[in-house]
Amino acid sequence: TPIASPQNAIALVALQQVVGADVSFGRWTSVAGPVALVGTLGVWLLLLLLLRPDDCAVLPRVACGVTPLTRTKKFSLGAVAVAVLLW
């Protein structure tokens, strides 16, 4: 949508100033919706063809457990928290 990212807002302003086109939310959605749907389905089919899920007879076990909160993890959590708060 036009409000989803700064790039979209910049594109809308450029369209208005350069081309003189005024794109409404409905028009944006009517164009972007089908493009997103086709793109999502296309990537899904491509992944099915490339990864071949029927070839996975045995999946490896994923190690899961509680690990200590290291300095790097604390920094990452802080960066995510700041990004969320500023958003």
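One can find the structure itself at the top, above this paragraph.
Definitions and limits used
Residues numbered from 1 in each chain as written. Predicted model: local features only at pLDDT ≥ 70, side-chain atom pairs only at ≥ 80, totals over all residues. Heavy atoms only, no water. Helix = DSSP H or I, 4+ residues; strand = E, 2+ residues; numbered from the N terminus. Buried < 20%, exposed > 50% of the residue type's maximum accessible area, 1.4 Å probe, protein only. Expected span 1.5 Å × (residues − 1).

Digging into the overall build of the protein chain
When helices and strands are tallied, the protein chain shows three helices and zero strands. Helices and strands appear in the protein chain in the N-to-C order α-α-α. Structurally, the protein chain occupies a C-alpha span of about 55 × 40 × 20 Å along its principal axes. The buried share among the 87 residues of the protein chain stands at 5%.

Some words on helix α1 (residues 6–19)
Its 14 residues give α1 an end-to-end C-alpha distance of 19 Å, which sits within 8% of 20 Å, the value for a rise of 1.5 Å per residue. Gly 20 occupies a position one or two residues after α1 and carries a positive phi of about 85°.

Quick look at helix α3 (residues 71–86)
Along an α-helix, residues three or four apart share an orientation, since each turn contains 3.6 residues. Over its 16 residues, α3 runs 22 Å from end to end, which matches the ideal 22 Å to within 8%, given 1.5 Å per residue. With zero of 16 residues buried, α3 lies mostly on the surface of the structure.

Considering the environment of Leu 47
For Leu 47, the location among the structural elements is in helix α2 (residues 25–51). Taking the C-alpha atoms as reference points, Leu 47 and Phe 25, 22 residues apart in sequence, are found 32 Å from one another.

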